[in-house]
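Take a look at the letters that make up each chain.
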Amino acid sequence: MKKPFRLLIIDDAEEILTALTNFFTQKKYDVVSAANGLDGLKHIESKDADFDLIITDLVLPNISGVAIISIVKKKFPDTPVIAITGWGEHPESLAKEAHADHVLEKPFKLPELEQLVKKLLNR
Amino acid sequence: MSDNSKSKTGPPIVGVSKNIVRVRELIEHVAQTGLNTVVFGESGVGKEVVAQNLYQKSPRVGKPFIKINCAALPEGLLESELFGYERGAFTGAEQRKKGKFQLAHSGVLLLDEIGDMSLSLQAKLLHVLQSGGEFSPLGSEKEVKADTWVIAATNHDLKKEIKEGKFREDLYYRLNIIKIHLSPLRERPEDIPPLIDFYIKEYTAMLNNRHIETPGAKVIDRMCTYSWPGNVRELQNVLKRMLVLGDCNQIVDEIFNSERMVSRDSGPDDELNHNASLAKIIDLGGRNSPDNQSFSLKTAKKNAVEMVEREIISHVLAKTDWNRSKASKILKISYKTLLYKISDLKIVPPEK
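Computed from a prediction, not measured in an experiment: that's the story for all the values here. (Residues numbered from 1 in each chain as written. Chains lettered and ligands numbered in written order. Predicted model: local features only at pLDDT ≥ 70, side-chain atom pairs only at ≥ 80, totals over all residues.)

**Observations concerning the overall build of chain A**
Along chain A, the regular secondary structure elements total 5 helices and 5 strands. When its helices and strands are written in sequence order, chain A yields β-α-β-α-β-α-β-α-β-α. For 123 residues, the compact-globule formula gives about 14 Å, and the C-alpha radius of gyration of chain A, at 13 Å, lands near that figure. When the backbone C-alpha atoms are referred to their principal axes, chain A occupies close to 45 × 30 × 30 Å. Counting across all 123 residues of chain A, residues that qualify as buried make up 38%. A separation threshold of at least 6 residues defines the contact pool for chain A, and within that pool the share at least 24 residues apart is 60%. (Helix = DSSP H or I, 4+ residues; strand = E, 2+ residues; numbered from the N terminus. Rg over C-alpha atoms; globule rule 2.2 N^0.38 Å. Buried ≥ 20, exposed ≤ 12 C-beta atoms within 10 Å, placed from the backbone. Contact = placed C-beta atoms within 7 Å.)

**Here we look at the domain arrangement of chain B**
For chain B, the assigned domains are domain 1 (18–183), domain 2 (189–265) and domain 3 (282–344). The straight-line distance from the C-alpha centre of domain 2 of chain B to that of domain 3 of chain B is 47 Å. (Domains from an automatic or database assignment.)

**With respect to the nonpolar core**
Of all hydrophobic cores here, the largest spans 97 residues; its most connected members are Ile-69, Ala-83 and Ala-95 of chain A together with Val-39 and Ile-151 of chain B. When we break this core down by domain, the ones giving at least three residues each are domain 1 (18–183) and domain 2 (189–265) of chain B. If sequence neighbours within four positions are ignored, Ala-83 of chain A has contacts with Thr-56, Leu-58, Gly-65, Ile-69, Ala-95, Ala-100 and Val-103 of chain A. (Core = buried A, V, L, I, M, F, W, Y, C linked by C-beta atoms within 7 Å.)

**Things to note about the interface of chain B and chain A**
Contacts between the two partners involve 15 residues from chain B and, on the opposite side, 13 residues from chain A. Elements with a contribution of two residues or more to the side of chain B that touches chain A: α1 (18–30), α7 (169–175) and β9 (178–181) of chain B.

**Points about the packing of helix α2 (residues 37–45) of chain A against helix α3 (residues 65–75) of chain A**
Residue and element names in this part refer to chain A. The interhelical angle for the contact between α2 and α3, taken along N-to-C directions, is 15°, at an axis separation of 10 Å. In terms of axis orientation, α2 runs roughly parallel to α3. You can see that α2 and α3 cross each other, and the crossing is right-handed. Counted together, Gly-37, Gly-40, Leu-41 and Ile-44 of α2 and Ala-67, Ile-68, Ile-71 and Val-72 of α3 form the full contact between these two elements. Taken together, the residues that form the contact of α2 with α3 break down as 6 nonpolar, 2 polar and no charged. (Axes fitted to C-alpha atoms, helices over the stretch in contact; angles between N-to-C directions. Parallel < 35°, antiparallel > 145°, perpendicular 65-115°, else oblique. Left-handed = near helix turned anticlockwise from the far one by under 90°. Nonpolar A, V, L, I, M, F, W, Y, C, P; charged D, E, K, R; others polar.)

**Quick word on unusual backbone geometry**
Residues and elements named next belong to chain A. The omega angle of the peptide bond from Lys-106 to Pro-107 is -5°, so this bond is cis rather than trans. Position of Pro-107 among the secondary structure elements: in the loop between β5 (102–105) and α5 (110–121). Positive phi, normally seen in glycine, also occurs at Asn-62, with a value near 45°. Examined against the element boundaries, Asn-62 turns out to sit in the loop between β3 (53–57) and α3. The class of Asn-62 is buried, set by 22 C-beta atoms lying within 10 Å.

**A short note on α3 of chain A**
For α3 of chain A, a buried count of 8 out of 11 residues is recorded, marking the element as mostly surrounded by other parts of the structure. For α3 of chain A, the full list of buried residues reads Gly-65, Val-66, Ala-67, Ile-68, Ile-69, Ser-70, Ile-71 and Val-72 of chain A. If you follow the buried residues of α3 of chain A, they end up packed against β1 (6–10), α2, β3, β4 (81–85) and α4 (91–97) of chain A together with β9 of chain B.

**Focus on the pairing of strand β2 (residues 30–34) of chain A**
Where a strand is regular, its side chains alternate between the two sheet faces. Residues and elements named next belong to chain A. Looking at chain direction, β1 and β2 are connected through 5 bridges and run parallel. By the bridge assignment, Ile-10 is partnered in β2 with Ala-34. Running through helix α1 (residues 14–26), the crossover from β1 to the neighbouring parallel element β2 is right-handed. (Pairing = 2+ DSSP bridges. Right-handed = clockwise from strand over helix to strand, strands pointing away.)

**A few points about the packing of helix α8 (residues 192–206) of chain B against helix α9 (residues 217–225) of chain B**
For any two helices packed against each other, the geometry is given by the interaxial angle and the distance between the axes. Residue and element names in this part refer to chain B. Between α8 and α9, the shortest axis-to-axis distance is 9 Å and the interhelical angle comes to 125°. Classified by the interaxial angle, the pair formed by α8 and α9 is oblique. In the packing of α8 onto α9, the handedness of the crossing is right-handed. Residue-level contacts link Ile-192, Pro-193 and Ile-196 of α8 to Ile-220, Met-223 and Cys-224 of α9. Classifying every residue of the contact of α8 with α9 gives 6 nonpolar, no polar and no charged.

**Some remarks on the confidence of the model for chain B**
All names here are of chain B. Per-chain confidence: chain B averages 87 in pLDDT, with 89% of residues scoring 70 or above. Averaged pLDDT values over the elements of chain B bottom out at 62 in helix α12 (residues 278–282) and peak at 98 in strand β1 (residues 37–40). Within the model, the stretch residues 1–7 combines pLDDT values under 50 with 12 contacts to residues more than four positions away or in other chains. Of the regions scoring below 50 in pLDDT, residues 267–276 engages in 5 contacts with residues more than four places distant in sequence or in other chains. Scoring the predicted complex yields pTM 0.77 and, for the interface, ipTM 0.90. (pLDDT = per-residue confidence, 0-100.)

**Observations regarding the environment of Lys-163 of chain B**
All names here are of chain B. In this structure, Lys-163 sits in helix α6 (residues 158–163). Taking the number of C-beta atoms within 10 Å as the measure of exposure, Lys-163 has 11 and is therefore exposed. With 186 residues separating them along the chain, Lys-163 and Pro-349 place their C-alpha atoms 43 Å apart.

Right, dumping it as structure tokens:
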């Protein structure tokens, strides 16, 4: 059997984190989740990390999504990162500067996000 | 103002609370990144210590660590301190002067009290951060580029200041790539014993290890229940006093007394003014001031008595629902006297 894609999802809004985790788990992805930037970064820095794609909220406690993107792009330039952001939030431009592969504005539909994930994974 | 602590190792972050453990962990993870950082926390909580720890664990250690307090300088001066100026940029600019941004090149610039920076200077700072460290000193045509790690510190609630229009939202997000929050000491009393331990060791070494009285277990217990409005800095001062003066018990008594005074001063202004001092109630500073022409003990006393009578009678009337005969019985005065006092003291029944 083919190894499932590994995703890291970081969001401090519990309901969104749970919804995204459940959705992608159902779609047979291997999902790791984190509720703040530091916990997310720890997953990224752990030895067995090798994530295929990272989805992060931009405004997070302690380490922001912008920081996560910068760090990931420095360490693993080939790992795609999708930033999700609340409507009209300033960090959107910061996320682009940090070279997020895509910035998705809330609200969005789950299938829309999955399409995006597939597109980036097949690149 | 500025601090070139090239060789000096800063103090460690002492504590066992969840907040402090988390802060240490965060520093370990982000010190390498050089991403803009804001340290939040009340005065005296140790924000600068966090900045120093970030610096020491970063690849920039050994390079300049420059600190500037944004609240201590008037706007124009702060701008020239930050960005520098050319000779002749303004009257009195006799020499070219490098700004802190440039001095901190390849090192760290700590912007303390960032919440006090004026809006126009915030705009300039934002521009520098957006351009990756480019700016032009006052009176200069040329742009200078500085590779500076900006760490800001504040005791303000910047989110609130954004709503009030006092802080730029775009600057907030630009600085706040990493956010480190230090809790006030009253929210983490478990850190007090290790802090006491740490500073006693440090101070006794400074006092040449002479035999000095140190606070015992009972005193430390009491210190753990104090609210420490001045946070770690206040704790340091109290410990220094204890070690130098001895008599730890009395010093602890004093800090608790001063705490009560403060809470009394800031107490709510309730109807009976429980919290005001007698001088305030009698209004010695205003109506009954001895400086007034009309002042005499007799009139001041009459005024004070009237005030007390009015307060007591209103209170009893309110309790009895303005049943005057019931109220007169409670007050132990005749019904007629009560009616007279109500009109004389101009006590009015509540509107129905």
